[in-house]
Structure formats: structure tokens, C-alpha cells
Amino acid sequence: MEVETREPFIYNDPFLEHRERVIQRDRLAPPRVLPVHKSLPSIGSHKPLLFSMEELADMTDNFNEKNLIGETLFTKLYRGTIRHGWLPFEDWVVTVKIWDYFLETSSHLNGTESFNEEVMFLTQPSAKQHPNVVNLFGYCNRRYLEAVVYDLNPLDTVRNLATTGSLTWLQRIKVALGFARALEFLHDPKKPYLVRNINAAHIILDQDCNPKIFDFSLMSGGILGKVTRPKEKLLTVGYDDPEFFPLGGPEEGGFEVTYHDVFSYGVVLLGLITKRIMDRENIQTTLVYRWAWRQYRPNRYLVHESLVEDPGFFASDGIMITELAMRCIQRELDKRPSMKDVVKRLEGLQAVQLHGNVVGM
């Protein structure tokens with residue numbers, strides 16, 4: 001019987017450097033073991049797969065730049081394909097996220113802790129059932145590579161699409177509504193989560209423009225417990241609330257945890273309707289919320305002129321959604337709406353009422 005042989009896999013230099021850096025960091029660390037089911041699940045199963053570094057490299061064409069979707073504060077996101085033969089069906093497109101220790105901000109966060117918390121959160125039944133939270137397909141838990149694989153055929157991130165003509169007005173409403181629902185779910189008053197890392201670059205769309213939240217690096221609350229000091233010190237520049245306030249509920253001497261996320265959501269919403277995104281090379285002069293504070297006038301909308309001509313746009317909707325975004329970013333914390341209120345207001349838009357099948361009603 002012939003035995004099939006495989007050529008040794010050659011990793012690219014940046015990835016080998018990444019691996020060596022993490023090996024040096026963790027040289028004295030004990031091996032980590034996470035519960036994993038190695039049996040092959042069907043797509044959508046609650047059992048995540050355990051992938052090797054070689055398998056992830058194969059999915060992403062050796063982490064080729066052409067498959068790079070974008071970066072978060074601590075990770076890189078790639079398009080990937082699980083080839084026919086691994087799974088009992090045709091090629092399957094996925095999204096691969098790796099914790100990248102070359103990123104400047106990565107030195108401020110415990111990547112291992114962030115990885116473990118994400119796996120723990122995404123394997124909770126409630127998270128797996130929400131349509132606007134990524135579905136964990138598998139992960140890699142090597143000392144030299146921490147990565148997760150999402151069951152997601154990605155279109156692109158909101159950051160990459162917001163300023164272009166790629167998204168119509170109705171698609172932008174769909175993104176705003178779907179993401180608001182994800183935050184409403186996370187802000188469940190029974191056991192709320194504080195995301196604190198809301199950013200247009202941290203929202204990814206599938207091929208039908210359904211938004212998915214996929215970055216949980218600074219999240220606290222729920223099953224993750226109180227925010228840690230390292231997380232509390234980290235900021236998402238351009239989306240963070242400029243009004244300082246203690247984190248936690250009133251019983252801890254702070255404000256309700258959700259106010260911070262509502263502000264960040266407002267910035268994302270403004271980016272969607274105005275086609276404005278903060279320029280990382282020129283932060284202070286391109287902050288979207290400061291621009292909006294200067295430009296906003298009651299009963300006027302801030303919608304980009306190219307979107308006004310789109311099918312499904314109504315001037316009354318433009319005014320309503322602009323006012324909603326401005327309420328989210330106002331300085332008076334207790335006057336900001338809850339995400340439940342935001343969802344209700346968006347569902348009341350004429351565009352949603354008339355084009356519910358398009359915007360995800």
C-alpha cells in the first residue's frame with residue numbers, strides 16, 4: 001500500500017519571528033490545556049475543533065497578506081478556506097483571528113488571558129445562539145500561536161466599508177440595527193457585559209451584510225467578572241468616551257457599565273451615516289464625535305449626500321437616526337439611551353417598516 005507523503009511546510013519569515021517571540025515570552029510558562037472535542041462536528045455544532053499551526057497556515061495560504069482583512073488592537077484577522085477533504089463537504093470559507101504580539105498595543109494585554117476568555121464566552125449557549133455574535137468553529141492553543149476560527153464567510157469590516165460606496169443606505173441601516181441588537185443582548189440587565197472595545201474595525205459583515213461582533217479583548221462582566229486594572233487602562237482611540245467616569249454599577253461608586261458602550265456605538269453609527277472614519281495618522285482632527293458636535297443642528301441630518309439619493313432613504317429617517325446618534329454621544333451620561341431604546345428607535349424607522357426583509361426584521 002502506498003503511503004501519501006507531504007512536503008514540509010515552509011512558514012513565512014514574519015510568522016516564524018512571531019512564533020519565536022512568543023516562545024521566548026512563554027519559555028517558563030507551564031503548558032495550557034483547554035477542554036476540546038476532537039471529534040469532527042457539523043457546522044454550527046457547539047463542539048469547537050482544535051487546529052494545529054500548520055492547518056491554520058494552510059487555511060490562510062501561509063497567512064498571506066492578500067487574505068488579511070484587518071487588525072484589532074491585539075489581533076489580526078484573515079480570510080481562510082478549509083479545503084475539501086478535511087470536512088465531509090466542499091471547501092468551507094472561515095475567518096481566522098490570531099493574537100499578534102508584534103502589534104504595539106499587544107504589550108499592554110495578557111494575550112493568553114484574552115484568548116481563554118474569548119473561548120469561554122463564545123462557548124456559552126447564549127452567545128452561540130445570537131445571530132450577531134460570531135460562531136466559534138475552532139481554535140489553536142499552542143504556546144507559540146493563539147488563534148480562533150469563526151464559522152464566517154467574511155465580506156469585510158465596517159471600518160473598511162463605511163467610507164466607500166460598497167454599502168447602500170438600507171445595508172447601513174441593517175448593520176446599525178444588527179449591531180445594536182448584539183449590544184442589547186450583551187447589556188442584559190440580569191448579567192450585563194461591558195464591551196469597552198467597540199470600534200468599526202471590530203465589527204465584521206458576512207456576505208449578506210449581517211454584522212458580527214468579534215473582538216472581546218477588553219470585555220468584562222457576565223461570566224468574565226469585574227474589569228481588571230490592565231483592561232481598565234486601555235483605550236479604543238476615537239471611540240472611547242471622553243467623559244471620565246468610574247466603571248461599575250452605582251453600588252460600586254460608578255455609573256452603569258453600559259454608558260461607555262452606548263457612546264462608542266454612537267460613534268460607529270455616525271460613521272455609517274456620514275461615511276466618516278477616524279484617520280489613525282491624524283487622530284485629533286478626524287475624531288468623528290467632535291466633528292458631529294460642531295456640525296449638528298436640531299431637525300437636520302448629518303447623512304452623507306451620496307446616501308440621500310439611495311432607495312429607502314427618507315428625510316425623516318435621516319433626522320431621527322442623526323438625533324439618535326447624537327443622544328448616544330452626549331456628555332450627560334444619564335441622558336444617553338439604553339441599547340434597548342436604540343433598537344426600538346431603529347425598528348421605528350420608515351425604511352425598516354417598509355423594507356424589513358432587506359434590513360433584517
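Residues numbered from 1 in each chain as written. Predicted model: local features only at pLDDT ≥ 70, side-chain atom pairs only at ≥ 80, totals over all residues. Heavy atoms only, no water.

**Q** Would you mind showing me how to read the packing of aromatic side chains here?
**A** Applying the stated criterion across every chain yields a total of eleven aromatic pairs. Measuring from ring centre to ring centre gives 5.1 Å for F263 and Y289, while their planes differ by 70°; the resulting arrangement is edge-to-face. Of this pair, F263 sits in helix α8 (residues 258-274) while Y289 is found in helix α10 (residues 288-295), placing the two residues 26 residues apart along the sequence. Assigned by exposure class, F263 and Y289 land together as buried. When the ring centre of W293 is taken as reference, the NZ or CZ atom of R331 above it lies at 3.9 Å. (Phe/Tyr/Trp six-rings, centres within 6.5 Å; stacked < 30°, edge-to-face > 60°. Helix = DSSP H or I, 4+ residues; strand = E, 2+ residues; numbered from the N terminus. Buried < 20%, exposed > 50% of the residue type's maximum accessible area, 1.4 Å probe, protein only. Lys NZ or Arg CZ within 6 Å of the ring centre and 35° of its normal.)

**Q** What's the story with the sheet that holds strand β10 (residues 211-213) in this structure? I'm lost.
**A** Pairing between sheet strands relies on hydrogen bonds along the backbone, with the strands arranged either parallel or antiparallel. Reading across the sheet, the three strands line up as β7-β9-β10 and stay open at both edges, with antiparallel pairing between neighbours. Looking at the sheet topology across the chains shown, the edges are occupied by β7 (154-157) and β10. Taken pair by pair, the neighbouring strands of this sheet meet at an average axis angle of 35°, ignoring direction. Here three bridges tie β7 to strand β9 (residues 203-206), and the two strands are oriented antiparallel to one another. Paired with D156 across the bridge in β9 is L205. Contacting β9 and β10, helix α6 (residues 169-186) crosses the sheet at an angle of about 30° to β10. (Pairing = 2+ DSSP bridges. Axes fitted to C-alpha atoms, helices over the stretch in contact; angles between N-to-C directions. Contact = heavy atoms within 4.5 Å.)

**Q** Just to check I follow, could you spell out the pairing of strand β4 (residues 92-99) for this structure?
**A** Walk down a regular strand and you will see the side chains alternate between the two sheet faces. In terms of burial, β4 is largely enclosed, as six of its eight residues are buried. Across eight bridges, the pairing between strand β3 (residues 75-82) and β4 is antiparallel. Along β4, the bridge assignment pairs L77 with K97. For β4 and strand β6 (residues 145-150), the ladder comprises four bridges, and the chain directions are antiparallel. Among the inter-strand pairings, T95 is bridged to a residue of β6, identified as Y150.

**Q** Quick question: what am I supposed to make of the sheet that holds β3 here?
**A** As summarised here, the arrangement of the six strands in space is β1-β5-β6-β4-β3-β2, forming an open sheet in which the pairing is mixed. Each edge of the open sheet is held by one strand with a lone partner, namely β1 (49-50) and β2 (68-71). Sheet topology note: the β1/strand β5 (residues 136-142) ladder contains two bridges and is parallel. From the neighbouring strand, L49 faces β5, where its bridge partner is G138.

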